[in-house]
There are 2 protein chains.
Amino acid sequence: MHDEIIQMLQEKQFSKARNEILTYNEADIAEILEEVIADIGIEKAIILFRMLPKDISSDVFSFLSSESQLEIINGITDKEIQYIVDELYFDDMIDLLEELPANVVKKILSRTDKEKRNLINQFLAYPVDSAGSLMTIEYVDLKKEMTAKEAIQYLKQHGVSKETIYTCYVMDEGRRLEGIVPLRTLILSDDDKKLSEIMNTDVIYVHAHDDQEEIIRVFQKYDFIALPVVDKENRLVGIITIDDIVDVIEQENTEDFQKMAALVPSEKLYLDSGVLLLARQRIPWLLILMFSSILTGVIIGKFELILSQVISLVTFLPMVMGTGGNAGAQSSTLVIRGMAVGDIRLTDIFWVIWKEIRVSVVVGIALSLVNFIRIYWLQGDSMIMAFTVSLSLFLVILSAKVIGGTLPIIAKKIGIDPAIMANPLIASLTDLISVTIYFVLATILLGIG
Amino acid sequence: MHDEIIQMLQEKQFSKARNEILTYNEADIAEILEEVIADIGIEKAIILFRMLPKDISSDVFSFLSSESQLEIINGITDKEIQYIVDELYFDDMIDLLEELPANVVKKILSRTDKEKRNLINQFLAYPVDSAGSLMTIEYVDLKKEMTAKEAIQYLKQHGVSKETIYTCYVMDEGRRLEGIVPLRTLILSDDDKKLSEIMNTDVIYVHAHDDQEEIIRVFQKYDFIALPVVDKENRLVGIITIDDIVDVIEQENTEDFQKMAALVPSEKLYLDSGVLLLARQRIPWLLILMFSSILTGVIIGKFELILSQVISLVTFLPMVMGTGGNAGAQSSTLVIRGMAVGDIRLTDIFWVIWKEIRVSVVVGIALSLVNFIRIYWLQGDSMIMAFTVSLSLFLVILSAKVIGGTLPIIAKKIGIDPAIMANPLIASLTDLISVTIYFVLATILLGIG
């Protein structure tokens with residue numbers, strides 16, 4: 001994509017490359033640096049990075065992946081590290097410190113003044129997925145006695161290093177939040193209006209220990225671009241901005257996709273992950289599910305007698321088991337997603353069961369019918385065989401869909417992540433039920449055993 | 001949740017209920033109205049809605065689900081409809097018009113002035129998932145000759161009805177985009193600076209026909225809160241704001257979750273969907289996958305001879321097939337997600353294959369070993385049987401992972417949505433391969449046939 005720049009670097013035309021990339025946006029420069037690291041190595045990337053103007057380099061740094069950030073940190077001087085750390089927004093700095101090795105963090109903290117150091121330590125202590133770990137401290141705080149004009153004046157003096165100035169926060173002496181004033185309101189109102197007259201006192205806020213999934217819902221519901229975070233005493237401790245939320249949403253979704261495919265979640269991108277990491281992500285659930293399918297085999301073993309008499313029963317087995325698994329997975333996915341986006345609540349469990357029963361009847365009849373026609377008319381098998389397979393299929397779909405719809409809700413109720421109850425696990429469970437239903441029915445209807 | 005308000009309405013204390021809900025944020029009022037509709041019916045909700053102050057009612061309206069919007073539209077006068085349509089932001093209005101029945105749309109358009117009507121028709125023509133269908137026309141346009149002070153003055157006069165004033169757009173006479181000025185820059189710069197001096201001319205923009213997935217990537221990459229949209233002649237035609245993007249991200253993810261669970265995607269929430277809609281979402285793929293599993297059955301049928309001789313082979317079948325399906329699903333999910341977030345590209349296909357081969361070897365050896373120990377030592381089966389099953393398992397995992405990792409990329413290359421290539425389809429395909437490998441190996445190694 002940026003072959004010319006790569007070529008310039010290979011030909012050691014560093015100044016030319018530098019001037020070229022400075023025509024790009026900081027996010028693009030970060031992307032180019034990632035390419036340089038991947039294609040021709042970290043050394044050239046560091047040379048290029050150090051040639052950037054300082055105010056740009058810290059911005060670019062914040063757009064880099066944490067792997068690349070670490071590699072660059074390892075290649076630059078302590079003084080340069082210190083500069084970057086000082087220039088980063090507080091939330092980006094916390095993210096970086098969380099990734100850095102302890103000795104580097106210690107060195108950085110030793111050069112930071114005491115007040116900031118205490119703040120950093122407090123932020124590092126918030127749980128990973130909490131509001132506290134997402135927030136930044138660079139917000140504009142105003143007093144309600146100010147006029148709109150004074151507030152704008154204050155912004156001009158103090159706003160430069162704030163992550164967002166588009167929502168300003170009005171606090172009392174105890175740093176308790178009294179109201180918010182969007183910059184829009186400030187601009188559009190008369191100069192001499194007092195903030196107490198124009199501020200919005202019906203403030204929506206979250207607590208520092210709230211889970212990030214809740215934060216996502218709040219942003220979605222209210223269409224905010226920033227959200228205040230308070231501590232237990234309702235004092236404002238930080239704000240969360242929407243650009244970070246966009247990343248968190250994708251991260252939460254990726255986690256759900258991975259859990260729903262029987263993977264141990266990992267935030268590392270696929271192409272960046274080593275073979276052993278990928279294997280470790282996959283083996284645990286494959287083992288668990290393997291044991292479940294061994295149990296299915298044991299059940300089949302119990303019916304060896306009827307199997308040996310009607311060996312063709314085996315040929316319908318993949319269809320009955322497969323359809324059961326797929327039918328259950330459909331239901332569980334809809335319910336898991338419904339809970340994730342806040343549509344389905346724990347108390348809806350009986351609604352879900354009732355709905356799944358009715359849907360199963362429709363789906364079950366449709367599929368059993370198709371199947372009966374195929375086995376009896378097209379394949380020319382006996383009617384009793386066609387009936388056995390079709391009735392099994394109907395009962396398997398019914399139980400799979402009820403189980404698939406219910407288990408995620410029960411999981412959430414007892415504190416297990418519902419995403420676990422997706423396709424692989426549901427399919428394993430329905431396999432057990434499928435073979436039981438199928439062989440019991442076969443034993444009864446085919447009159448053997 | 002809002003039981004008191006529901007009770008007030010049931011006791012016909014409408015004014016009291018109105019005063020109570022007016023203490024809430026507009027998004028909350030919309031949520032309460034949804035509850036009223038669900039719990040005591042649309043009539044009471046409409047009475048309450050009509051009692052809201054007009055400026056609040058249109059805001060509340062924009063937060064309602066499209067089903068509730070339609071129900072309310074059906075219960076209020078044409079004049080009230082007209083008022084709401086006029087007050088909605090342009091993008092919300094377009095969304096509403098897309099949902100309304102044709103005769104209502106016609107009535108509304110007949111009362112709209114010609115210029116706006118043409119604009120509406122143009123917007124209605126954009127493809128559903130395009131940038132054009134997401135954008136709004138309420139943005140601030142400035143001229144580069146203005147000073148910062150003049151620009152702010154202009155904002156004070158024209159900014160009220162703009163969806164965002166936080167990013168302003170500088171255009172030439174031909175409405176071609178020359179630069180952007182964040183409000184932040186305007187506020188923080190000297191009053192008499194010309195916009196041409198402070199505007200950012202390296203503007204990132206998208207085209208009206210770009211797909212919304214690309215738009216999401218742009219927002220994620222650059223941390224924007226608004227993004228300009230241009231037409232083929234590079235004229236600014238609208239802007240997209242981040243609050244809409246947050247909704248689009250969740251919508252795209254929901255679509256992927258559904259496709260990956262063999263569901264025909266539907267935007268309707270689970271609890272709002274009727275039984276027949278849910279059945280229609282599920283039957284098509286279940287039928288397709290059923291036929292694939294019938295094929296698996298046919299293959300098993302070909303090996304009836306060896307099966308009848310070694311009936312215990314059946315008991316290992318669920319484990320071999322199940323593990324193959326799960327192993328393939330893990331790989332396909334990682335690759336599908338990797339492509340969705342822009343990590344994996346079409347050209348990475350050989351990297352993916354090579355990585356999957358190596359991961360399969362690690363995973364395959366681990367699982368086969370566990371399996372061998374179980375069958376030979378714990379279960380006391382013959383060594384040749386343990387070896388047959390374990391070797392099959394290894395080969396099945398290897399092929400499943402390579403197929404699971406490759407098919408999504410191939411799908412994308414030929415223009416099929418890669419999300420289709422997820423668990424159910426991959427599992428069906430690997431089933432075919434699993435039974436073939438298993439029975440061929442059994443025939444050879446167990447020396448029968």
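Residues numbered from 1 in each chain as written. Chains lettered and ligands numbered in written order. Predicted model: local features only at pLDDT ≥ 70, side-chain atom pairs only at ≥ 80, totals over all residues.

Things to note about the overall build of chain A
Move 1: What chain A contains, in helices and strands, is 22 helices and 6 strands.
Move 2: For 449 residues, the compact-globule estimate of 2.2 N^0.38 gives 22 Å, and the C-alpha radius of gyration of chain A, at 30 Å, exceeds that figure by more than 25%.
Move 3: On the principal axes, the C-alpha backbone points of chain A span a range of 90 × 60 × 35 Å.
Move 4: Looking at the 449 residues of chain A, the share that counts as buried comes to 43%.
Move 5: A sequence separation of at least 24 residues applies to 68% of the contacts in chain A between residues at least 6 apart. (Helix = DSSP H or I, 4+ residues; strand = E, 2+ residues; numbered from the N terminus. Rg over C-alpha atoms; globule rule 2.2 N^0.38 Å. Buried ≥ 20, exposed ≤ 12 C-beta atoms within 10 Å, placed from the backbone. Contact = placed C-beta atoms within 7 Å.)

Topic: helix 3 (residues 26–40) of chain B
Residue and element names in this part refer to chain B.
Move 1: Over its 15 residues, helix 3 runs 21 Å from end to end, which matches the ideal 21 Å to within 8%, given 1.5 Å per residue.
Move 2: For helix 3, the set of buried residues is Ile29, Ala30, Ile32, Leu33, Val36 and Ile37. Projected onto a plane normal to the axis of helix 3, the buried residues spread over an arc of 160° and lie on a single side.
Move 3: On its buried side, helix 3 packs onto helix 1 (3–10), helix 2 (14–21), helix 4 (42–50), helix 5 (54–63) and helix 6 (66–75).
Move 4: Looking one or two places after helix 3, you find Gly41, whose phi comes out positive at around 100°. (Expected span 1.5 Å × (residues − 1). Arc of directions from axis to C-beta.)

Overview of the relation of the copies chain B and chain A
Move 1: Of the two same-sequence chains, chain B is brought onto chain A (RMSD 0.1 Å, axial shift 0.1 Å) by a rotation of 180°. Taken together, the rotation and translation relating the two chain copies correspond to the operation of a two-fold axis.
Move 2: Comparing interface residues between copies, 100% of those in chain B also lie at the interface in chain A; the contact surface is shared. (Least-squares fit on C-alpha atoms with pLDDT ≥ 70 in both.)

Concerning the sheet that holds strand 3 (residues 177–182) of chain A
Residue and element names in this part refer to chain A.
Move 1: Strands sit in the order 1-2-3 across an open sheet of 3 strands; the sheet is mixed. Taken across any chain shown, the strands that pair with only one partner, and hence form the sheet edges, are strand 1 (141–142) and strand 3.
Move 2: With 5 bridges connecting them, strand 2 (residues 167–171) and strand 3 associate as antiparallel partners. Of the residues in strand 3, the one forming a bridge with Tyr169 is Ile180. (Pairing = 2+ DSSP bridges.)

Structural notes on the environment of Lys12(B)
Residue and element names in this part refer to chain B.
Move 1: Following the sequence through the fold, Lys12 ends up in the loop between helix 1 and helix 2.
Move 2: Under the C-beta neighbour-count criterion, Lys12 is labelled exposed, with 11 such atoms within 10 Å.
Move 3: In the structure, Lys12 is positioned 32 residues away from Lys44 in sequence and 8.8 Å away in space, judged by C-alpha atoms.

Let's talk about the sheet that holds strand 6 (residues 236–241) of chain B
Move 1: The strand order across the open sheet formed by 3 strands is 4-5-6 (chain B), and the pairing between neighbours is mixed. Bordering the open sheet on either side are strand 4 (206–207) and strand 6 of chain B, each of which pairs with just one other strand.

Here we look at the nonpolar core
As a rule of thumb, nonpolar side chains are buried together in soluble globular proteins.
Move 1: Core analysis: the biggest nonpolar cluster contains 116 residues, and Val320(A), Ile397(A), Ile426(A), Val320(B), Ile397(B) and Ile426(B) have the highest contact counts within it.
Move 2: With residues near it in sequence (within four places) discarded, Ile426(A) still touches Gly328(A), Ala329(A), Ser332(A), Ile403(A), Gly404(A), Leu407(A) and Met421(A).
Move 3: In terms of nonpolar packing, the next biggest core, distinct from the first, is built from 80 residues, Ile242(A), Val140(B), Tyr166(B) and Val170(B) among them. (Core = buried A, V, L, I, M, F, W, Y, C linked by C-beta atoms within 7 Å.)

Topic: unusual backbone geometry
Move 1: One non-glycine residue with positive phi stands out, namely Asn234(A), at about 65°.
Move 2: If you trace the backbone, Asn234(A) turns up in the loop between strand 5 (226–230) and strand 6 (236–241).
Move 3: Taking the number of C-beta atoms within 10 Å as the measure of exposure, Asn234(A) has 13 and is therefore partly exposed.
Move 4: The backbone phi angle of Asp223(B) is positive, close to 55°, even though this residue is not glycine.

Brief notes about the domain arrangement of chain A
Move 1: When its domains are assigned, chain A resolves into domain 1 (3–125), domain 2 (141–241) and domain 3 (270–445).
Move 2: For domain 2 of chain A and domain 3 of chain A, the distance between their C-alpha centres works out to 51 Å. (Domains from an automatic or database assignment.)

What to know about helix 20 (residues 349–378) of chain B
Move 1: With 30 residues, helix 20 of chain B should cover 44 Å at 1.5 Å per step; its first-to-last C-alpha distance of 41 Å lies within 8% of that length.
Move 2: All of the buried residues in helix 20 of chain B are Val352(B), Lys355(B), Glu356(B), Val359(B), Ser360(B), Val363(B), Gly364(B), Leu367(B), Ser368(B), Asn371(B) and Ile375(B).
Move 3: Looking at the packing, one finds that the buried side of helix 20 of chain B touches helix 17 (275–302) of chain A together with helix 19 (313–340) and helix 21 (383–413) of chain B.
Move 4: Note on helix 20 of chain B: the residue one or two positions beyond its end, Gly380(B), has a positive phi of about 75°.

Overview of the packing of helix 19 (residues 313–340) of chain A against helix 22 (residues 423–445) of chain B
Move 1: Interhelical geometry of helix 19 of chain A versus helix 22 of chain B gives an angle of 165° and a closest axis separation of 11 Å. The angle between the axes of helix 19 of chain A and helix 22 of chain B places the two elements in the roughly antiparallel class. Here helix 19 of chain A and helix 22 of chain B pass one another in a crossing that is right-handed. Touching Pro318(A), Gly322(A), Asn326(A) and Ala329(A) of helix 19 of chain A are Asn423(B), Pro424(B), Ser428(B) and Asp431(B), all from helix 22 of chain B.
Move 2: When the residues that make up the contact of helix 19 of chain A with helix 22 of chain B are grouped by side-chain class, the tally is 3 nonpolar, 4 polar and 1 charged. (Axes fitted to C-alpha atoms, helices over the stretch in contact; angles between N-to-C directions. Parallel < 35°, antiparallel > 145°, perpendicular 65-115°, else oblique. Left-handed = near helix turned anticlockwise from the far one by under 90°. Nonpolar A, V, L, I, M, F, W, Y, C, P; charged D, E, K, R; others polar.)

Some thoughts on the interface of chain B and chain A
Move 1: Listed as interface residues are 94 residues of chain B and, on the opposing side, 94 residues of chain A.
Move 2: Looking at the side of chain B that touches chain A, its residues break down into 56 nonpolar, 22 polar and 16 charged.

Digging into the pairing of strand 6 of chain B
Residues and elements named next belong to chain B.
Move 1: Extensive coverage of strand 6 is indicated by the burial of 6 of its 6 residues.
Move 2: Alignment of strand 5 (residues 226–230) against strand 6, held across 5 bridges, turns out to be antiparallel. In the strand pairing of strand 6, Val229 is matched with Gly238.
Move 3: Linking strand 5 back to strand 6 in an antiparallel pair, the connection comprises 5 residues, with Asn234 at a positive phi of about 65°.

Things to note about the environment of Tyr270(B)
Residues and elements named next belong to chain B.
Move 1: Inspection of the secondary structure puts Tyr270 in the loop between helix 16 (242–259) and helix 17 (275–302).
Move 2: Classification of Tyr270 as buried rests on a count of 21 C-beta atoms within 10 Å.
Move 3: Counting along the chain gives 205 residues from Tyr270 to Ser65, while the straight-line C-alpha distance between them is 14 Å.

Brief notes about the packing of helix 19 of chain A against helix 17 of chain B
Move 1: Put simply, helix 19 of chain A and helix 17 of chain B touch, their axes get as near as 7 Å, and they point 155° apart. By the angle between their directions, the pair helix 19 of chain A and helix 17 of chain B is classed as roughly antiparallel. Two packed elements cross with a definite hand, and for helix 19 of chain A against helix 17 of chain B that hand is right-handed. Where helix 19 of chain A abuts helix 17 of chain B, its residues Val314(A), Thr315(A), Phe316(A), Pro318(A), Met319(A), Gly322(A), Thr323(A), Asn326(A), Ala327(A) and Gln330(A) lie against Arg282(B), Leu286(B), Leu289(B), Met290(B), Ser293(B), Ile294(B), Thr296(B), Gly297(B), Val298(B), Ile300(B) and Gly301(B).

Looking at the pairing of strand 5 of chain A
All names here are of chain A.
Move 1: Of all 5 residues that make up strand 5, 4 are buried, and the element is covered over most of its length.
Move 2: Looking at chain direction, strand 4 (residues 206–207) and strand 5 are connected through 2 bridges and run parallel. Within strand 5, the position partnered with His207 by the bridge is Val230.

Focus: the confidence of the model for chain A
Residues and elements named next belong to chain A.
Move 1: The predicted model of chain A averages 90 in pLDDT, with 99% of residues at 70 or higher.
Move 2: Of all secondary-structure elements in chain A, the lowest mean pLDDT belongs to helix 9 (residues 102–110), at 81, while helix 21 (residues 383–413) reaches the highest, 95.
Move 3: Interface confidence for the predicted complex, expressed as ipTM, amounts to 0.85; the pTM equals 0.85. (pLDDT = per-residue confidence, 0-100.)

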